[in-house]
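A look at the structure
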Amino acid sequence: MKHLVCKYEDLKIDGKKAVSIDRKAIVVVRSESGEVYALRDVCPHKGPCLSAGMIDRNCAGDSVGEYIFEKETEVLRCPWHSWEFDIKTGRSLFAPEKVKVKTYEVTIEDDKVYVEV
Ligand code: FES
């Protein structure tokens, strides 16, 4: 079922909004490119709200001191121990097949953001 969560304009770029739908904690995230994603707002490690974390770019590098920010991979970083989750897929960066958070389908209609739960 589709639930209205906010107006699109209420989400700033790299912004996030915590919502509760059917008693599920969900964080709605707007990427730098303007797309909107929704993820379960619970870190699978110890359980804090991911909405209290930061949105950032994946930082890669092959050697010590090399930092390459991958613009296409935006992550939501847990506020407790910094596990990072791809905002598009909910997959963790360190174990994408094993550690992930649930994602929800988002639609935008008439400047309104809906999440399918
Ligand atoms: S509680 Fe989220 S990374 Fe540890």
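Calculation criteria
Residues numbered from 1 in each chain as written. Predicted model: local features only at pLDDT ≥ 70, side-chain atom pairs only at ≥ 80, totals over all residues. Heavy atoms only, no water. Salt bridge = Lys/Arg side-chain N within 4 Å of Asp/Glu carboxyl O. Helix = DSSP H or I, 4+ residues; strand = E, 2+ residues; numbered from the N terminus. Buried < 20%, exposed > 50% of the residue type's maximum accessible area, 1.4 Å probe, protein only.

Attention now goes to the pattern of salt bridges. Counted by the stated rule, this structure contains seven salt bridges. With a shortest N-O distance of 2.7 Å, Lys2 and Glu109 are connected by a salt bridge. With Lys2 in strand β1 (residues 2–7) and Glu109 in strand β9 (residues 106–109), the pair connects residues that are 107 residues apart, well separated along the chain. Under the relative-accessibility criterion, Lys2 is labelled partly exposed at 38%. A relative accessible area of 35% places Glu109 in the partly exposed class. One salt bridge in this structure joins Asp14 and Arg57, with 3.0 Å as the shortest N-O distance. Separated by 43 residues along the polypeptide, Asp14 in the loop between β1 and β2 (16–21) and Arg57 in strand β5 (residues 54–60) bring together distant segments of the chain. A network of salt bridges, in which partner residues are shared, links Asp14, Glu32, Arg57 and Glu74.

Below, the discussion takes up the environment of Asn58. Tracing the chain through its elements places Asn58 in strand β5. On the basis of relative accessible area, Asn58 is assigned to the buried category, the value being 13%. Measuring from C-alpha to C-alpha, the distance between Asn58 and Tyr8 comes to 25 Å, with 50 residues separating the pair along the chain.

Our focus in this paragraph is the environment of Ser82. Take Ser82: it is sitting in the loop between β6 (68–77) and β7 (84–86). Using a relative accessible area of 41% as the deciding quantity, one classes Ser82 as partly exposed. Linking Ser82 and Gly53, residues 29 residues apart in sequence, is a C-alpha distance of 8.2 Å.

Any functional reading would require information beyond the geometric quantities listed.
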